[in-house]
Amino acid sequence: MNKKLTALQTDFSKHGCLKVGVISDTHGSINVHVQNHLQDCEVILHAGDIGSINVINQLKSISHNVIPIRGNNDVAAKWPAHEHKELKMINELAEIKLPGGIMVVTHGDKFNPVASRHKKLRENFPTAKAIVYGHSHQLVCDQSDTPWILNPGAAGKNRTKGGASCLVVLTSKDQWAISEFRAEL
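Heads up: these notes are all about the structure in this document. (Residues numbered from 1 in each chain as written. Predicted model: local features only at pLDDT ≥ 70, side-chain atom pairs only at ≥ 80, totals over all residues. Heavy atoms only, no water.)

A look at the overall build of the protein chain
Looking only at helices and strands, one finds 4 helices and 11 strands in the protein chain. By the compact-globule yardstick of 16 Å for 185 residues, the protein chain fits well, its C-alpha radius of gyration being 15 Å. Considering the protein chain as a whole, with its 185 residues, one finds that 55% of them fall into the buried category. Restricting to contacts in the protein chain with at least 6 residues of sequence separation, those with at least 24 account for 54%. Accessible surface, the protein chain: about 8700 Å² in total, of which carbon and sulfur atoms supply 49%. (Helix = DSSP H or I, 4+ residues; strand = E, 2+ residues; numbered from the N terminus. Rg over C-alpha atoms; globule rule 2.2 N^0.38 Å. Buried < 20%, exposed > 50% of the residue type's maximum accessible area, 1.4 Å probe, protein only. Contact = heavy atoms within 4.5 Å. Areas by Shrake-Rupley, 256 points an atom, 1.4 Å probe, with all protein chains shown as cover.)

Describing the environment of S136
Here S136 shows up in the loop between strand 7 (130–132) and strand 8 (139–142). As for S136 and N151, which are separated by 15 residues in sequence, their C-alpha atoms are 8.2 Å apart. Aside from chain neighbours lying at most four places away, what touches S136 is R117, N151 and K161.

Topic: the side chain of T26
Along the polypeptide, T26 turns up in the loop between strand 2 (17–23) and helix 1 (32–37). Engagement of the side chain of T26 in a polar contact is seen with the side chain of H46, the distance being 2.9 Å. There is a polar contact of 2.8 Å between the side chain of T26 and the backbone oxygen of I50. In contact with T26, not counting residues within four places along its chain, are H46, D49, I50, V55, A155, G156 and K157. (Polar contact = N/O pair within 3.5 Å; in protein donor to acceptor, adjacent residues only side chain to side chain.)

Examining the sheet that holds strand 10 (residues 165–172)
Each strand in a sheet pairs with its neighbour through backbone hydrogen bonds, running either in the same direction (parallel) or in the opposite one (antiparallel). Taking strand neighbours across the sheet as the criterion, the 5 strands line up as 4-3-2-10-11 in an open arrangement whose pairing is mixed. Bordering the open sheet on either side are strand 4 (65–68) and strand 11 (176–182), each of which pairs with just one other strand. The sheet shows a mean angle of 20° between the axes of neighbouring strands, direction not considered. Examined bridge by bridge, strand 10 and strand 11 share 7 bridges and lie antiparallel to one another. Across the sheet, L170 pairs through a bridge with A177, a residue of strand 11. On top of the sheet, helix 2 (residues 53–60) reaches strand 2, strand 3 (43–46) and strand 4; it is set at about 155° to strand 4, its chief contact. (Pairing = 2+ DSSP bridges. Axes fitted to C-alpha atoms, helices over the stretch in contact; angles between N-to-C directions.)

Below, the structure is given as structure tokens:
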């Protein structure tokens with residue numbers, strides 16, 4: 001794991017299977033259709049640019065297991081002043097042990113240039129089964145190599161590039177399956 005980033009490590013690997021919701025780039029609000037799509041997820045991961053503690057609280061109304069990480073816009077200057085204490089408690093990176101493998105969550109903005117982002121992510125987190133990143137607002141499921149590179153796109157109102165979106169990953173010890181969701185414009 002990249003030692004330059006503060007990491008949260010969480011272990012759900014003892015579960016037989018888990019349904020994991022993956023979102024990013026809400027910038028202060030979650031699209032209602034995305035939120036509804038996550039309703040039966042046992043774990044929800046947010047890959048940064050959250051925008052407000054209200055987003056995390058909305059996700060916690062769906063699942064007690066919400067793991068957010070900070071994005072480049074999750075800074076005091078862009079969050080309400082009364083939420084700065086909560087913002088400071090959000091890590092830059094998460095490593096989640098799931099049934100069948102490890103999922104790493106980062107915002108992705110530190111892995112440049114864009115043309116080699118997937119390569120750099122794979123080099124930095126070679127033991128992961130999947131790496132989730134945000135930042136680009138572009139829905140991506142790159143399973144061409146291991147680890148997989150997943151970007152849920154933007155789940156808010158800003159730059160959704162075809163509609164707010166998210167991913168749901170069904171994890172078990174034997175197999176992972178990814179489904180994409182995009183809200184209609």
